[in-house]
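What follows is each chain in one-letter form.
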Amino acid sequence: MRILFIGFGNVAKETARILTEKELYPKLDLVPTVIGVFTQRHGGVENTNGLDLRSVLRSLKEKNTLVCEDEQLSSLTPLEAAQILDYDVLVELSALSISEHGEPASSYIHAALERGKSVVSANKGPVAFNYHKLKKLADEKGVKYLFESAVMDGAPVFNLVRRCMKGSTIKGFSGILNGTTNYILSYMENGGTFEEGVKQAQLAGIAEADPTMDTDGWDPAAKTAAFANVLMDADINPFDVERKGISQITPEMCKDALKRGKRLKLICRAQTIDGKIKASVKVEEVDKDDVMALISHFGAAIRIESDLMHPNTIIQDRPDLLDTAYGVIEDLISISDKSVC
Ligand SMILES: NC(=O)c1ccc[n+]([C@@H]2O[C@H](COP(=O)([O-])OP(=O)(O)OC[C@H]3O[C@@H](n4cnc5c(N)ncnc54)[C@H](OP(=O)(O)O)[C@@H]3O)[C@@H](O)[C@H]2O)c1
């Protein structure tokens, strides 16, 4: 499998590290050759015979450059790489952009699919803004567009519904999909302030330097739109999601809820009401024996409601980069193994 990476940050480096573990290949039914790595500020490198991934990872770590030994930076832009290079699968791991409506990632993915190349991505932007267009193109070209790690860091939600719930219709879902805000709410229950909670989440490497994408609810709104589009065939984007973040929540409100046997949780929800799909992200009080109340720290959960089953809940316990990277690997396996749908 000839792989082109666009975006080579934390997730891509962890994915690449796993791909260098050659003893995994027979288990994965996958022999990867990475022919290009392209980024925004670090430029790109390409080698039609395959890059030495270990050297690329070492160069980045030791010298902050993709270039190893006597190679040179490619003159191609990431989009040109997707349009021109000879690869089988684009692994798209560039940064999420809500203000740019999922661009330029959607264009990279579109360029690959247009050429009949499968795509694996952990980027929720294209799923939240352009899912139906990209999926239609993938189907027309007979290739796959997979994104298991885009929401809930690789926990098998999209795959579960696609492979195991084919006969049922998803009527709705609710869940905790943002680790940073869940951590801050838990932190305030224990008497800490909002600002301290943000700082602790940043120290743990979960919250960004600018935490407002999480605390204002944009990241969970993008995840809600992505789940609604794929699981419920909705056609919404993050701007269609009723959204209220956690910045107005105080430690007193959290502690008061606790005293009444409740917990405050930022709940992402989508529901079919009178034939229309309504989606929201807002703080809700949940009973202490509700499964959502059990999600502490950076955990996540989704409760899926369908017409033919009682609700199923998937809980993810403190995911990290390994989970996200494994979701990417699992998607690559789905592409290499033709028996997997
Ligand atoms: N981190 C997680 O645990 C996690 C979990 C689930 C999903 N995701 C998603 O996975 C993706 C990657 O996350 P990450 O944590 O690896 O991000 P990251 O560490 O910030 O790395 C992002 C990479 O994308 C490149 N990039 C940024 N803008 C680009 C553009 N316009 N064109 C081409 N490349 C661009 C960056 O280039 P430079 O290296 O030059 O800056 C960098 O290599 C994101 O979409 C994120 O939302 C992440």
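Residues numbered from 1 in each chain as written. Predicted model: local features only at pLDDT ≥ 70, side-chain atom pairs only at ≥ 80, totals over all residues.

The subject of this paragraph is the overall build of the protein. The secondary structure content of the protein amounts to 13 helices and 12 strands. Over its C-alpha atoms the protein spans a radius of gyration of 20 Å, differing by no more than 12% from the 20 Å that the globule rule assigns to 341 residues. Principal axes of the C-alpha set define a box for the protein whose edges measure 65 × 45 × 35 Å. Here the protein holds 341 residues, and 47% of them are scored as buried. (Helix = DSSP H or I, 4+ residues; strand = E, 2+ residues; numbered from the N terminus. Rg over C-alpha atoms; globule rule 2.2 N^0.38 Å. Buried ≥ 20, exposed ≤ 12 C-beta atoms within 10 Å, placed from the backbone.)

Here we take up the environment of T15. Along the chain, the position of T15 falls in helix 1 (residues 10–19). Between the C-alpha atom of T15 and that of Y326, which follows or precedes it by 311 residues, the distance is 7.0 Å.

For the rest of this paragraph, the subject is the domain arrangement of the protein. Along its sequence, the protein is carved into domain 1 (2–155 + 321–336) and domain 2 (170–316). Facing the 14 residues of domain 1 at the interface are 16 residues of domain 2. (Domains from an automatic or database assignment. Contact = placed C-beta atoms within 7 Å.)

All right, on to the pairing of strand 10 (residues 276–287) then. In the sheet, strand 8 (residues 242–243) pairs with strand 10 via 2 bridges, with the strands oriented parallel. Bridging across to strand 10, E242 finds its partner in S280. In this antiparallel pair of consecutive strands, strand 9 (residues 262–273) and strand 10, the connection spans 2 residues, and D274 shows a positive phi of 50°. (Pairing = 2+ DSSP bridges.)

Bringing helix 9 (residues 194–203) into the picture now. Considered for burial, the residues of helix 9 that qualify are G197, V198 and A201. When helix 9 is viewed along its axis, its buried side chains cluster within an angular range of 100° and face the same direction. Turned more than 90 degrees away from the buried face of helix 9 sit E195 and L203, all of them exposed. Among the structural elements, helix 8 (179–189) are those in contact with the buried residues of helix 9. (Arc of directions from axis to C-beta.)

All right, on to the nonpolar core then. One recurring pattern in soluble globular proteins: nonpolar side chains tend to sit buried together. Membership of the largest hydrophobic core comes to 101 residues, with the highest contact counts inside it found for L4, F5 and L90. Among the elements that take part in this core, helix 11 (residues 218–231) stands out by supplying 9 residues, more than any other. Taken together, domain 1 (2–155 + 321–336) and domain 2 (170–316) each give at least three residues to this core, which thus spans both. Those residues in contact with L4, other than ones at most four positions away along the chain, are I35, G36, A81, A82, L85, Y87, L90 and V91. (Core = buried A, V, L, I, M, F, W, Y, C linked by C-beta atoms within 7 Å.)

Regular strands place side chains that alternate from one sheet face to the opposite one. Judged by which residues are buried, strand 5 (residues 118–121) turns out to be covered on both faces: S118 and V120 on one side and V119 and S121 on the other are all buried. By the bridge criterion, 4 bridges tie strand 4 (residues 89–92) to strand 5 in an arrangement that is parallel. Looking at strand 5, one finds that E92 is bridged to S121. Regarding topology, helix 5 (residues 105–114) serves as the crossover connection from strand 4 to the parallel strand 5, and that connection is right-handed. Of the strand pairs in this sheet, strand 5 and strand 6 (residues 145–146) are connected by 2 bridges, and their pairing is parallel. Pairing of V120 across the sheet is with L146, part of strand 6. As a crossover connection, the stretch from strand 5 through helix 6 (residues 124–141) into strand 6 is right-handed. (Right-handed = clockwise from strand over helix to strand, strands pointing away.)

Here we come to unusual backbone geometry. For the bond from E103 to P104, the omega torsion is 0°, close enough to zero to count as cis. Among the structural elements, P104 can be located in the loop between strand 4 and helix 5.

Taken together, 25 residues are adjacent to the ligand, and G7, G9, T39, Q40 and R41 come closest. With 3 residues, helix 1 is the largest single contributor of residues to the shell around the ligand. Taken together, the residues that form the shell around the ligand break down as 12 nonpolar, 10 polar and 3 charged. (Near = placed C-beta within 6 Å. Nonpolar A, V, L, I, M, F, W, Y, C, P; charged D, E, K, R; others polar.)

Direction vectors running N to C along helix 6 and helix 11 enclose 40°, while the axes themselves pass 8 Å from each other. Comparing the axis directions of helix 6 and helix 11 gives the class oblique. As for how helix 6 packs across helix 11, the hand of that crossing is left-handed. Between helix 6, through K124, G125, V127, A128, Y131 and H132, and helix 11, the contact on the second element is made entirely by A222, K223, A225, A226, N229 and V230. For the contact of helix 6 with helix 11, a count of residues per class yields 7 nonpolar, 3 polar and 2 charged. (Axes fitted to C-alpha atoms, helices over the stretch in contact; angles between N-to-C directions. Parallel < 35°, antiparallel > 145°, perpendicular 65-115°, else oblique. Left-handed = near helix turned anticlockwise from the far one by under 90°.)

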